[in-house]
Amino acid sequence: MTATAVGGTPRSVPGRAGRALAELGDRVVMCGIYDEVGSLIYDDLSRNDTHEVRELIGLVRRRPGPVLELAAGTGRLTMPLLAAGRDVTALELARPMLDLLLARLHEAPERLRERCTTIEGDMASFTLDRRFGAVVLGTTSISLLDEEGRAALYRTVRDHLAPDGAFLLSTTYPTAGSTQDEIRIDMAGASGRLYHLHEHWSPQTGTRTVTLHAADLSEGPVHVCTSTVAALPADLLENELAAAGFRVNTRLTLRTGGDRHESVLLEAEVEPR
């Protein structure tokens, strides 16, 4: 999460999900995905999420030196990077997410815990007194930033990359020609609890609203966690990276389990001057 995020926490959920939740009336409690409530749901779901992990680790292995992970969240990528033998600096702005990552590290073997440094900070504006063999921004977190925020991110990443280092980032956007602007996915968290994840794409605004809530709506308050982010095509990011002095070396299309959107992982190096 970052201070320059697109949009905020919507007070109404778009599409069919919004109409269904409206019927619950005052039982609905709105929250953000990165706050105290949403971070717990996010962490529960992310423990089983292996999307992009294998591909990211494969690219990181080609780069010697420590790894800087931006928007680290609760450790979905942090823990695999540590397990791969890398020293990791994990930067996260949302305090509830960072606290969950710290708790997870506390439970981890010492050989992993001692190789991780955690920092509370904004991925678009930070200063660290070292350079890294790889800077990782996964989980399509680039979509949290507006155009100005992305430009600041690219400048900051350049300042923290080793001469032979790489910037790895992923993005998700609607498939060309897709007419499916809304979908619900039923998911189980590591706890065994069932959730509904709703995705609503808005071609008019170029955004994607993600809504999460427990599948069981039978009684009690229903916590509905939402986030609206930009849907950024890989071509757009490649052009922005080139303007910021990067060269994209690798473009991997990631498996998504459907044809409603594309997910792409980019590997970029700083262009020599």
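The coordinates are above.
Presented here is a report on the structure given in the accompanying data block. If you're wondering where the values come from, they're calculated on a predicted model, not measured in any experiment. (Residues numbered from 1 in each chain as written. Predicted model: local features only at pLDDT ≥ 70, side-chain atom pairs only at ≥ 80, totals over all residues. Heavy atoms only, no water.)

Let's talk about the packing of aromatic side chains
Moving on, step 1. According to the stated counting rule, one finds one aromatic pair in the structure shown.
Moving on, step 2. Ring centres 6.0 Å apart and planes at 50° place the aromatic pair Phe 167 and Phe 246 in the tilted group. Placement of the pair is Phe 167 in strand β6 (residues 161-174) and Phe 246 in strand β11 (residues 246-254), with a sequence separation of 79 residues. (Phe/Tyr/Trp six-rings, centres within 6.5 Å; stacked < 30°, edge-to-face > 60°. Helix = DSSP H or I, 4+ residues; strand = E, 2+ residues; numbered from the N terminus.)

Things to note about helix α1 (residues 15-22)
Moving on, step 1. Turning to α1, its buried residues number three or more, namely Ala 17, Gly 18 and Leu 21. The buried residues of α1 occupy an angular sector of 100° when the element is viewed end-on, so they sit on one face. With respect to the buried face of α1, the exposed residues turned more than 90 degrees away are Arg 19 and Ala 22.
Moving on, step 2. Summarising the contacts, the buried residues of α1 are in contact with β1 (28-32), β7 (182-188), β8 (194-202), β9 (207-214) and β10 (222-230). (Buried < 20%, exposed > 50% of the residue type's maximum accessible area, 1.4 Å probe, protein only. Arc of directions from axis to C-beta. Contact = heavy atoms within 4.5 Å.)

Considering the packing of helix α7 (residues 147-160) against helix α8 (residues 234-243)
Moving on, step 1. In contact at an axis separation of 10 Å, α7 and α8 are set at 50° when each is read in the N-to-C sense. Relative to α8, α7 is oriented oblique. As for how α7 packs across α8, the hand of that crossing is right-handed. Together, Glu 147, Arg 150 and Tyr 154 of α7 and Leu 236, Leu 237, Glu 240 and Leu 241 of α8 make up the contact between the two elements.
Moving on, step 2. Of the residues contributing to the contact of α7 with α8, the split by class is four nonpolar, no polar and three charged. (Axes fitted to C-alpha atoms, helices over the stretch in contact; angles between N-to-C directions. Parallel < 35°, antiparallel > 145°, perpendicular 65-115°, else oblique. Left-handed = near helix turned anticlockwise from the far one by under 90°. Nonpolar A, V, L, I, M, F, W, Y, C, P; charged D, E, K, R; others polar.)

Comments concerning the sheet that holds β8
Strands belonging to one sheet form pairs held by backbone hydrogen bonds; the direction of such a pair is parallel or antiparallel.
Moving on, step 1. Taking strand neighbours across the sheet as the criterion, the five strands line up as β1-β10-β9-β8-β7 in an open arrangement whose pairing is mixed. Edge positions in the open sheet fall to β1 and β7, since each of these has one partner strand only. Sheet twist, expressed as the mean angle between neighbouring strand axes with direction ignored, is 25°.
Moving on, step 2. Contacts between α1 and the sheet are confined to β1, β7, β8, β9 and β10, with β7 contributing the most and set at about 65° to the helix.
Moving on, step 3. Sheet strands touched by helix α2 (residues 36-46): β1, β7, β8, β9 and β10. Its angle to β10, the strand with the most contacts, is close to 80°. (Pairing = 2+ DSSP bridges.)

Quick look at the pattern of salt bridges
Moving on, step 1. Applying the stated rule across the entire model yields 17 salt bridges.
Moving on, step 2. Between Glu 55 and Arg 54 there is a salt bridge, with the nearest N and O atoms lying 3.3 Å from each other.
Moving on, step 3. A single salt-bridge network, built from bridges that share partners, covers Arg 62, Arg 63, Arg 247, Glu 267, Glu 269 and Glu 271. (Salt bridge = Lys/Arg side-chain N within 4 Å of Asp/Glu carboxyl O.)

Points about the side chain of Thr 74
Moving on, step 1. Following the sequence through the fold, Thr 74 ends up in the loop between β2 (67-69) and α4 (78-83).
Moving on, step 2. On the basis of relative accessible area, Thr 74 is assigned to the buried category, the value being 0%.
Moving on, step 3. Looking at Thr 74, its side chain comes within polar contact range of the side chain of Asp 43, at 2.9 Å. (Polar contact = N/O pair within 3.5 Å; in protein donor to acceptor, adjacent residues only side chain to side chain.)

Quick word on the pairing of β10
Moving on, step 1. Where burial is concerned, most of β10 is hidden: eight out of the nine residues are buried.
Moving on, step 2. Where β1 and β10 come together, five bridges link them in parallel fashion. By the bridge assignment for β10, Val 28 is matched with Val 222.

Let's talk about the nonpolar core
As a rule of thumb, nonpolar side chains are buried together in soluble globular proteins.
Moving on, step 1. In this structure, Leu 70, Leu 137, Ile 142, Leu 153 and Phe 167 are the most contacted members of the largest nonpolar core, which totals 32 residues.
Moving on, step 2. Among the secondary structure elements, those contributing two or more residues to this core are β5 (132-137), α7, β6, β10, α8 and β12 (261-270).
Moving on, step 3. Among residues more than four places away in sequence, those in contact with Leu 70 are Leu 91, Met 123, Phe 126, Val 135, Val 136, Leu 137, Leu 153 and Val 157.
Moving on, step 4. Counting residues in each nonpolar core, the second largest holds 25 residues, with Ile 57, Leu 105, Cys 116 and Val 136 among its members. (Core = buried A, V, L, I, M, F, W, Y, C linked by side-chain atoms within 4.5 Å.)

Quick notes on helix α3 (residues 53-60)
Moving on, step 1. Of all eight residues making up α3, six are buried, and the element is well covered by its neighbours.
Moving on, step 2. When we look at burial in α3, the residues that qualify are Val 53, Glu 55, Leu 56, Ile 57, Leu 59 and Val 60.
Moving on, step 3. Summarising the contacts, the buried residues of α3 are in contact with β2, α4, β5, β6, β11 and β12.

Describing the sheet that holds strand β3 (residues 88-92)
Moving on, step 1. Read from one edge to the other, the open sheet built from seven strands follows the order β4-β3-β2-β5-β6-β12-β11, with strand pairing classed as mixed. A single partner strand is all that each edge strand has here, and the edge strands are β4 (116-120) and β11. Taking the axes of each pair of neighbouring strands and ignoring which way they run, one obtains an average angle of 20° across the sheet.
Moving on, step 2. Where β2 lies against β3, three bridges are found, and the strand directions are parallel. Its bridge partner lying in β3, Glu 69 is registered against Ala 90.
Moving on, step 3. Lying on the sheet, helix α5 (residues 95-107) is in contact with β3 and β4; it crosses β4 at an angle near 165°.
Moving on, step 4. In this fold α8 packs onto β6, β11 and β12, with an angle of close to 165° to the strand it touches most, β11.

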